[in-house]
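# Observations on chain architecture
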Amino acid sequence: MRIMLKLVIDCDADAAWRALHSPRAVAELYGPMVDMSPLETKGLPTTWEPGADVAVQLAAFGQIPMGRQFISVSERFVDEPAGRVRIFRDTGIPLTGPLASLDVWDHQMAISPAPGDPSKTLWRDRLVIGGASAPVLWPVLWTTWQWRAARIRALAPSWAHDPAPASQD
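In this report, the structure presented in the accompanying data block is examined. (Residues numbered from 1 in each chain as written. Predicted model: local features only at pLDDT ≥ 70, side-chain atom pairs only at ≥ 80, totals over all residues. Heavy atoms only, no water.)

## Considerations on the overall build of the chain
- On a plain count of helices and strands, the chain comes out with three helices and eight strands.
- Along the chain, helices (α) and strands (β) appear in the sequence β-α-α-β-β-β-β-β-β-β-α when read from the amino end.
- Taking 169 residues into account, the globule formula puts the C-alpha radius of gyration at 15 Å, and the chain, at 17 Å, falls close to it.
- Taking the principal axes of the C-alpha coordinates as reference, the chain spans close to 60 × 35 × 30 Å.
- Here the chain, with 169 residues, has 43% of them falling under the buried criterion.
- Contacts in the chain between residues far apart in sequence, at least 24 positions, make up 55% of those at least 6 positions apart. (Helix = DSSP H or I, 4+ residues; strand = E, 2+ residues; numbered from the N terminus. Rg over C-alpha atoms; globule rule 2.2 N^0.38 Å. Buried < 20%, exposed > 50% of the residue type's maximum accessible area, 1.4 Å probe, protein only. Contact = heavy atoms within 4.5 Å.)

In C-alpha cells, the structure reads:
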C-alpha cells in the first residue's frame, strides 16, 4: 500500500535537501503531534548520513508511547531531463508499537528544483507499507502524511539559512 505526496514548497532544493538530512528538522515535521527521541545515550546524529542506522522512540504529544522505530538511511541521485533529482530513503522498520505489525516500511523523499522556478522545490514523498495490518493502518498513516504535508509547507521557508546579502550603501 502506498501513500504519496507531491507539493511545491517555498525554499530552494539545496535547503530542502539539507533539511531532510537534519534529524531536528525532520522531527519538527511531526511536531507537536509526535515526538522523536533517540534510544542511544549519545543522542541523535547531527545529520542523517547514508548508511546510518538509528533507533528512536516515538511518543504522541510527548507523553503517550507509540513505539520504537529503526531508521536506516540511504540516498541516490537520478538525472532527469528537467535536472537532477536527489532521493533520500528510509528503509528502516517499526520495532515496537502498533506499526511494528508492518512487514514493509519504505519511505522515499525526492527533491528537485520546481519546474519553472528554481527558487522553489518539488517535494515528492512516497511511503510504501506492507503486511496484514497495512489496510488498517493505512488511513491513520494517510492522515499523518496530510499533516506532514502541511508542516513541510509551513516550515520550508525557514530551511533556507543563507542570509540575504547586505545592501551596499
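Following the structure, the description resumes.
## Brief notes about the environment of Ser 119
- Structurally, Ser 119 can be placed in strand β8 (residues 117-130).
- In this structure Ser 119 comes out as partly exposed when scored by relative accessible area, which is 43%.
- Considered as a pair, Ser 119 and Ser 101 are 18 residues apart in the sequence and their alpha carbons are 41 Å apart.
- Setting aside its immediate chain neighbours within four residues, Ser 119 contacts Cys 11 and Asp 12.

## Observations regarding the pairing of strand β1 (residues 2-9)
- Judged by which residues are buried, β1 turns out to be one-sided: Ile 3, Leu 5, Leu 7 and Ile 9 face inward and are buried, whereas Arg 2, Met 4, Lys 6 and Val 8, on the alternate face, are not.
- Relative to β8, β1 runs antiparallel, the two being bridged by eight bridges. In the sheet register, Ile 9 faces β8, and the bridge partner there is Thr 121. (Pairing = 2+ DSSP bridges.)

## Some words on helix α3 (residues 134-159)
- Taking 1.5 Å of rise per residue, 26 residues should cover 38 Å, yet α3 covers just 33 Å from first to last C-alpha, more than 12% shy of that figure.
- Of all the bends in α3, the greatest reaches close to 30 degrees and is centred on Arg 153; the proline Pro 157 follows between one and four positions later. (Expected span 1.5 Å × (residues − 1). Bend = angle between axes of the 7 residues up to and from the residue.)

## What to know about the nonpolar core
- Core analysis: the biggest nonpolar cluster contains 42 residues, and Ile 9, Trp 123, Leu 141 and Trp 159 have the highest contact counts within it.
- With sequence-adjacent residues up to four places away left out, Trp 159 is seen in contact with Ile 9, Cys 11, Ala 15, Ala 16, Arg 18, Ala 19, Ala 25, Leu 29, Trp 123 and Ile 152. (Core = buried A, V, L, I, M, F, W, Y, C linked by side-chain atoms within 4.5 Å.)

## Considerations on the side chain of Gln 57
- Its place among the elements puts Gln 57 in strand β3 (residues 53-60).
- A distance of 3.2 Å separates a polar atom in the side chain of Gln 57 from the backbone oxygen of Gly 67.
- Setting aside its immediate chain neighbours within four residues, Gln 57 contacts Asp 35, Met 36, Ser 37, Leu 39, Pro 65, Met 66, Gly 67 and Arg 68. (Polar contact = N/O pair within 3.5 Å; in protein donor to acceptor, adjacent residues only side chain to side chain.)

## Section: the side chain of Ser 22
- Relative to the helices and strands, Ser 22 is located in the loop between α1 (13-20) and α2 (23-30).
- Among the polar contacts made by the side chain of Ser 22, one reaches the main-chain amide nitrogen of Ala 25 at a distance of 3.1 Å.
- Setting aside residues no more than four positions away along its own chain, Ser 22 makes contact with Thr 46 and Trp 48.

## Structural notes on the pattern of salt bridges
- Throughout the structure, instances matching the rule amount to six salt bridges.
- The salt bridge partner of Lys 120 is Asp 10, with a shortest N-O separation of 3.3 Å. Within this pair, whereas Lys 120 is found in strand β8, its partner Asp 10 is found in the loop between β1 and α1, the two being separated by 110 residues in sequence.
- Owing to a relative accessible area of 44%, Asp 10 belongs among the partly exposed residues under this scheme. (Salt bridge = Lys/Arg side-chain N within 4 Å of Asp/Glu carboxyl O.)

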